[in-house]
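Residues per chain, in single letters:
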Amino acid sequence: GWQKVEMKDGSVAGVKTEKGAGALYTVDKQVRNEVLGAHVARALDFPVRGAEVPAGDKIGDKIVSPWLDGTNLSKMHDPSDPENVARMNQLRFFDQLTGNPDRFMYGHLVNRGNVMLNNQDGKIYGIDQAMCFRMFETPDFSLLGNPSRSDIEGMYKSLTSLQPDFNSFGRGGGVAYNRMM
């Protein structure tokens, strides 16, 4: 569940309490995945809602994210706006890269509830990265318009800069970081 909260600076955010989904997706692992997935998306400038551990908290059962006032795709038709089509392709690539089986799997949208259309800007955003770093696929660079070698090297450099984040969340030396890279 999400709770809408007003931050000290007057901005609006959402606090999500993770519930866990068995031994593979414990609450603390879901929190780590949400935050690290958001860091990957930010490094690549992909349309994924941010997530952080609440200020002053240790990794527990909560994340804080920017508030999105919108509708998830389970309640509407697919957006056909060309910019949103490109954003959807970025989300597909992101899920392949981060091993997230909870939105797209093998190129098909399997969970429409994890894509939201923001009512304020009309753009789609990926939400809920709690299952990241589980089922990796080879990323399909054609989803990004076949970027140049230089573009891919820039992406790689941006991702390598995240290794300290993965290390601090206890996910740097194992499958999560290494398989993504």
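A brief structural summary.

Cut-off values and rules
Residues numbered from 1 in each chain as written. Predicted model: local features only at pLDDT ≥ 70, side-chain atom pairs only at ≥ 80, totals over all residues. Heavy atoms only, no water. Pairing = 2+ DSSP bridges. Helix = DSSP H or I, 4+ residues; strand = E, 2+ residues; numbered from the N terminus. Axes fitted to C-alpha atoms, helices over the stretch in contact; angles between N-to-C directions. Expected span 1.5 Å × (residues − 1). Contact = heavy atoms within 4.5 Å. 1 Å grid on protein atoms, 1.4 Å probe; cavity = no way out; pocket = protein on both sides within 12 Å on 5 of 7 lines; lining within 4 Å. Points joined across faces, edges and corners; volume = space filled by probe spheres on them. Nonpolar A, V, L, I, M, F, W, Y, C, P; charged D, E, K, R; others polar. Parallel < 35°, antiparallel > 145°, perpendicular 65-115°, else oblique. Left-handed = near helix turned anticlockwise from the far one by under 90°.

What follows covers the sheet that holds strand S3 (residues 62-66). Read from one edge to the other, the open sheet built from three strands follows the order S1-S2-S3, with strand pairing classed as antiparallel. With partners counted over all chains shown, the strands left at the sheet margins are strand S1 (2-6) and S3, one partner each. Going from strand to strand, the sheet's axes swing by 30 degrees on average, the running direction of each strand aside. Across five bridges, the pairing between strand S2 (residues 12-17) and S3 is antiparallel. Directly across from Thr17, in S3, lies its bridge partner Lys62.

A separate point is helix H2 (residues 82-98). The end-to-end C-alpha distance of H2 is 24 Å, a good match for the 24 Å that 17 residues give at a rise of 1.5 Å each. Among the structural elements, helix H1 (27-44), strand S5 (104-105), strand S7 (115-118), strand S8 (124-126), helix H3 (149-160) and helix H5 (175-180) are those in contact with the buried residues of H2. Directly after H2, the chain includes Gly99, whose backbone phi takes a positive value near 65 degrees.

With a probe scaled to a water molecule rolled over the atoms, the places where space remains empty come into view. Taken as a whole and assessed by the stated rule, the structure comprises one cavity of 30 Å³ or more. The volume enclosed by the largest cavity comes to roughly 40 Å³. Residue lining of the largest cavity: Trp2, Lys16, Glu34, Arg49, Gly50, Ala51, Ile63, Ser65, Ile127, Asp128 and Gln129, and that is the complete set. Its residues placed into classes, the lining of the largest cavity shows four nonpolar, three polar and four charged.

Attention now moves to the pairing of S2. Inspection of the sheet shows S1 paired to S2 by five bridges, in the antiparallel sense. Residue Trp2 lies in a different strand from S2, and its bridge partner there is Lys16. In textbook terms, the turn of a hairpin is the stretch between consecutive antiparallel strands, and for S1 and S2 this stretch comprises five residues, one of which, Gly10, has a positive phi near 95 degrees.

As for its placement among the helices and strands, Glu18 is situated in the loop between S2 and H1. Every residue in contact with Glu18, bar those within four places of it in the chain, is listed here: Val27, Gln30, Val31, Glu34, Asp61, Ile63 and Ala130.

Now for the packing of H1 against H2. Taken N-terminus to C-terminus, the directions of H1 and H2 make an angle of 130 degrees; their axes are 11 Å apart at the nearest point. One finds that H1 runs oblique with respect to H2. Handedness of the H1/H2 crossing: right-handed. Along its contact with H1, which presents Gly37, Val40, Ala41 and Leu44, the element H2 presents Phe94, Leu97 and Thr98. The class makeup of the residues in the contact of H1 with H2 is five nonpolar, two polar and no charged.

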